[in-house]
Amino acid sequence: MSKDTIVIREIRHEDNEQIEQVIRDCFHEFKIPLEGTAYTDEETPRMFESYQNNNDVYYVIDNNGEILGGAGIKPLKDFEADICEIQKMYFSPKVRGKGYGKLMFEKCLQSAEELGYKKCYLESASQLKAAIHIYENYGFKHLKEALGSTGHYSCGVWMIKDL
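Because the structure is a prediction, the values reported are computed rather than measured.

A. Geometry of the pairing of strand β5 (residues 119-124). Of all six residues that make up β5, five are buried, and the element is covered over most of its length. In this sheet, β5 lies alongside strand β4 (residues 83-91) in parallel orientation, the contact comprising three bridges. Opposite I83, over in β5, you have K119 as the bridge partner. Taken together, β4, helix α3 (residues 100-114) and β5 constitute a β-α-β crossover, and its handedness is right-handed. Bridge analysis of β5 against strand β7 (residues 157-162) gives six bridges, and the strand direction is antiparallel. The partner of L122 across the bridge, within β7, is M159.

B. Quick look at the pairing of strand β3 (residues 66-75). The buried fraction of β3 is high, at eight of ten residues. Here strand β2 (residues 57-63) runs beside β3; their pairing, made up of seven bridges, is antiparallel. Each bridged residue has a counterpart across the sheet, and for Y59 the counterpart in β3 is A71. Following β2, the chain reverses through two residues before pairing antiparallel with β3; N64 in that reversal takes a positive phi of roughly 55 degrees. Across six bridges, β3 lies against β4 in antiparallel orientation. Looking at β4, one finds that G69 is bridged to F91.

C. Spotlight on the sheet that holds β5. Here we have seven strands laid out as an open sheet, ordered β1-β2-β3-β4-β5-β7-β6, and mixed in their pairing. With one partner strand each, in any of the chains shown, β1 (6-10) and β6 (141-142) form the two edges of the open sheet. Helix-sheet contacts for helix α4 (residues 129-137) involve β4, β5, β6 and β7, and the interaxial angle to β7 is about 25 degrees.

D. Examining the pattern of salt bridges more closely. Following the criterion strictly, the structure yields nine salt bridges and no others. In this structure, R9 and D15 form a salt bridge, with 2.7 Å as the shortest nitrogen-oxygen distance. Take R9 and D15: they sit in the same class, and that class is buried. Ionic pairing is found between E43 and K74, a salt bridge with its closest N-O pair at 3.0 Å. Of the two residues, E43 is situated in the loop between α1 (16-29) and α2 (47-50) and K74 in strand β3; the sequence distance between them amounts to 31 residues. Given a relative accessible area of 15%, E43 falls into the buried group. Its relative accessible area of 14% is what places K74 among the buried residues. Bridged by salt links that share partners, the residues D41, E43, K74 and K88 form one connected network.

E. Representation of unusual backbone geometry in the model. Notably, D78 is not glycine yet its phi reads approximately 60 degrees, a positive angle. Within the fold, D78 resides in the loop between β3 and β4. The residue K88 is not glycine, and still its phi comes out positive at about 45 degrees. For K88, a relative accessible area of 7% corresponds to the buried category.

F. Summary view of the side chain of E123. You can see E123 is positioned in strand β5. Despite its burial, E123 remains without a salt bridge, the nearest opposite charge being carried by K88 at 8.9 Å. A polar side-chain atom of E123 sits 2.7 Å from a polar atom in the side chain of Y121. A distance of 2.8 Å separates the side chain of E123 from the side chain of T150, its partner in a polar contact. Sequence-distant contacts of E123, defined by excluding residues within four places in its chain, comprise E85, A146, L147, T150, H152, C155, V157 and W158.

Parameters at a glance
Residues numbered from 1 in each chain as written. Predicted model: local features only at pLDDT ≥ 70, side-chain atom pairs only at ≥ 80, totals over all residues. Heavy atoms only, no water. Buried < 20%, exposed > 50% of the residue type's maximum accessible area, 1.4 Å probe, protein only. Helix = DSSP H or I, 4+ residues; strand = E, 2+ residues; numbered from the N terminus. Pairing = 2+ DSSP bridges. Right-handed = clockwise from strand over helix to strand, strands pointing away. Contact = heavy atoms within 4.5 Å. Axes fitted to C-alpha atoms, helices over the stretch in contact; angles between N-to-C directions. Salt bridge = Lys/Arg side-chain N within 4 Å of Asp/Glu carboxyl O. Lys, Arg positive; Asp, Glu negative; His and termini not counted. Polar contact = N/O pair within 3.5 Å; in protein donor to acceptor, adjacent residues only side chain to side chain.

See below:
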């Protein structure tokens, strides 16, 4: 796997199965609860279809047709219209520690600004310590409780950032 074969691009329909597997594998690897998380979201098996509005986008990391991760931006459900949520940011061990997570995170934040959002919210699991550290380094602040109606009652980390 060389860097010149890896691209970050918008999701396509044919990526659904692979990105679903990457997402689900992370839950088992990090021992994150399955219920009340992205693992059981209705959109997880149909990510392409779930990000086809004017105010959302989902990106994947593609290595010659092998999907190695993804992340997206969507309006925060049942909350203020100018607040988005970074959603379903999960990566295969094959690309972790190589800077692709930061590139993806920056691309999502840039897209959030371009889509006109004023704040960006995220939820995470305490097991994902490296990811939480990255969020903090990008200026995300911890919240005492969840915002909106994500349905992710098993996530215990809530953060927000002004864009």
